[in-house]
Amino acid sequence: MRRKWYKILFPAALMMLLLSGCLFQSPQDLYRQPEKSAGYEKLNAVIQEVRTALEMEFDASAETAVILAGDNTATIQLQDLDGDGTRESAITFLRIPSIEKSIKIFIFTQIGEEYRVSAVVEGDGSAIYSIDYVDLNGSGYKELVVNWQISTGVYQLGVYTLDELMLPVSGGTEAAEAGPTVWGAAPAERAELLATELLLTRCSAATEGSSFSSGYRLLDIDRDTRSEVAVVRIDSAGVGSHVEVYGWRDGAMVSLGSVPLSAGIVSLTRIRANYLGGEFYPPALYVTSTLSDGRRVIDVLSYQNGRLTNLTMDPLTGVSREVMLGYTEVDPTDINGDYVIELPSPSRLPVYGDNAATNFWLIDWYQYQETGERDHVMTTYHNVTDSWYLVIPQEWEGKITISRNDQVIGQREVIFSLWQGEDKEPVPFLSIYRLTGLNRAARSTREGRFVLREEENVIYSAAFYDSDWDCGLDETSLLEYFRTIQADWYSQ
């Protein structure tokens, strides 16, 4: 029987290998770069044609414009601008230094097998900070939202519509008459390709350490089924920082209102579009900024009864009630996975003995409602350095302290202890370990330890101490309370 199956399967397998061609490819063929498609070659030729025309017109070299931040940073981007489900538009970014409107964004539409320039967006700047594509006026065509970097720290936000310029892409007579590009035509004809500017306004950028993000967000904050543009403007002098929202009304992009941010803000850290708690998930903006004394402050903004509202603003101080004192390693996060952001409120734990110089914190997480009320969601201990956190049982609050032991190479230990007062040594009841190195698997189950989570190069384990205090957790419940920190929380 075995020989019979061998006679059947072996010729079939050999035939598959022969048909694949793998047996007949030289080593040079196997390591050869994939061939570029004919469509790519045609697009690249048209882009080069446009670049050459620009250089001849302005007698200067045309360079690729850099996009610094955001979700769209490629030098050539394929987009579905007309909303038909097909990415028929190719967009590239060129810059000619020392001329007015030095950055030119070219939109190429594929018609049949050819590409032609269908629209151009022009702006000033040294680079493009970020760009987004979204239908803002409900026409079905997407607008371009461009954050121009005039210079480092100076930005302008522009919104441009292509509604009158989008060409049909089904082919036919129009496709046959269209050449590969019309940028080499007369200046009057080229002017007809310019996109219509709907908005141009000052916009700040968010900076956090070495990372950057745009100081605007797109969201349907007034719930009219169309997206609006929320722009943050920070006054480095600490007065007058605010958010302004622009939306489509009566055939134009207009301001729907503005609202002050906390007094004393000197820089923007992050802005996020999300929701508020409640039955209908009202949209909201969460603006994290830095005060002049280094503290973080979070303003929560919503659109209610036809106007923007700062839900967290204290009317007496002019500063949000959400100020992070002494601990800034965590950001607003959907900590409980209900799609609504929670705000962190750190509180410092008591320390004993040699740990007096070390800060350990618990984080209370709160969720805001549309009424401005906030609800407590949970308490955690966040170990950002080791990329994990622990949900703290309510029974632990006010009763514990935390210390570290990093003396063993490849082992980082966090010790949870019962607090006995300033003059009494705490009683340890739980340790959580982050283990690395070749022998991490063996160490993860040594001396009563059990594994919490295993990743590619790291194992997290834990061990309970013999203690008279019942902490209320066992191995099973500790597994439920232990979480690893997702990296994207700190990059959004």
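Residues numbered from 1 in each chain as written. Predicted model: local features only at pLDDT ≥ 70, side-chain atom pairs only at ≥ 80, totals over all residues. Heavy atoms only, no water.

As annotated in an unreviewed UniProt entry, the protein carries the name Aryl-sulfate sulfotransferase and is attributed to Flintibacter hominis.

Draft legend 1. Molecular detail of the pairing of strand S5 (residues 114-123). Within S5, 8 of the 10 residues are buried, which leaves it mostly tucked inside the rest of the structure. Bridge count for strand S4 (residues 103-111) against S5 is 9 bridges, and the pairing is antiparallel. Residue pairing for S5: Ile-107 is matched across the bridge by Ala-119. Counting the residues between successive antiparallel strands, the hairpin from S4 to S5 contains 2 residues, one of them, Gly-112, with a positive phi of roughly 70 degrees. (Buried < 20%, exposed > 50% of the residue type's maximum accessible area, 1.4 Å probe, protein only. Helix = DSSP H or I, 4+ residues; strand = E, 2+ residues; numbered from the N terminus. Pairing = 2+ DSSP bridges.)

Draft legend 2. Region of interest: the pattern of salt bridges. In this structure the tally under the stated criterion is 16 salt bridges. Glu-63 is the salt-bridge partner of Arg-95, the closest N and O atoms lying 2.8 Å from each other. In this pair, Arg-95 is assigned in strand S3 (residues 89-95) and Glu-63 in strand S1 (residues 63-64), connecting sequence segments 32 residues apart. When its relative accessible area of 35% is taken as the criterion, Glu-63 is described as partly exposed. Across the salt bridge formed by Arg-223 and Glu-370, the nearest N and O atoms sit 3.1 Å from each other. Of the two residues, Arg-223 sits in the loop between strand S12 (216-219) and strand S13 (228-233) while Glu-370 sits in the loop between strand S24 (361-368) and strand S25 (374-383), which places them 147 residues apart along the sequence. For Arg-223, a relative accessible area of 43% translates into the label partly exposed. By relative accessible area, which is 29% here, Glu-370 ends up partly exposed. Salt bridges sharing common partners tie together Asp-222, Asp-224, Arg-226 and Arg-249. (Salt bridge = Lys/Arg side-chain N within 4 Å of Asp/Glu carboxyl O.)

Draft legend 3. Here's a closer look at the sheet that holds strand S27 (residues 400-405). In space, the 5 strands of this open sheet follow the order S27-S28-S29-S31-S30, with antiparallel pairing throughout. Here the strands that pair on one side only, and so sit at the sheet edges, are S27 and strand S30 (450-454). Each neighbouring strand pair of the sheet contributes to a mean axis angle of 20 degrees, computed without reference to strand direction. As paired strands, strand S29 (residues 427-435) and strand S31 (residues 459-464) are joined by 6 bridges and run antiparallel to one another. Looking across to S31, one finds that Arg-434 is bridged to Tyr-460. (Axes fitted to C-alpha atoms, helices over the stretch in contact; angles between N-to-C directions.)

Draft legend 4. Examining the environment of Tyr-275 more closely. Within the fold, Tyr-275 resides in strand S16 (residues 265-275). Taking C-alpha positions, Tyr-275 is 7.6 Å from Leu-285, a pair spaced 10 residues apart along the chain. Contacts of Tyr-275, omitting those with residues within four sequence positions, involve Tyr-281, Pro-282, Pro-283, Ala-284, Tyr-286, Tyr-339, Val-340 and Ile-341. (Contact = heavy atoms within 4.5 Å.)

Draft legend 5. Main features of the pairing of strand S17 (residues 283-291). Judged by how many residues are buried, S17 sits mostly within the fold: 9 of 9 residues are covered. A two-sided burial pattern is seen for S17, the buried positions comprising Pro-283, Leu-285, Val-287, Ser-289 and Leu-291 on one face and Ala-284, Tyr-286, Thr-288 and Thr-290 on the other. The sheet contact formed by S16 and S17 spans 9 bridges and is antiparallel. Bridge assignment links Leu-268 to a residue of S17, and that residue is Ser-289. Two elements, S17 and strand S18 (residues 296-304), share 6 bridges in a ladder whose sense is antiparallel. In the strand pairing of S18, Thr-288 is matched with Ile-298.

Draft legend 6. Structural detail: unusual backbone geometry. The backbone phi angle of Tyr-281 is positive, close to 50 degrees, even though this residue is not glycine. Inspection of the secondary structure puts Tyr-281 in the loop between S16 and S17. With relative accessibility at 36%, the residue Tyr-281 sits in the partly exposed group.

Draft legend 7. Just the sheet that holds S25, in detail. Taken in spatial order, the 5 strands of this open sheet run S23-S24-S25-S26-S32, and their pairing is antiparallel. Edge strands, defined here as strands with exactly one partner in the open sheet, are strand S23 (343-348) and strand S32 (482-484). Across the sheet, the mean angle separating the axes of adjacent strands is 35 degrees when strand polarity is ignored. One ladder, built from 3 bridges, connects strand S26 (residues 388-391) with S32; its direction is antiparallel. Bridge assignment links Tyr-389 to a residue of S32, and that residue is Arg-483.

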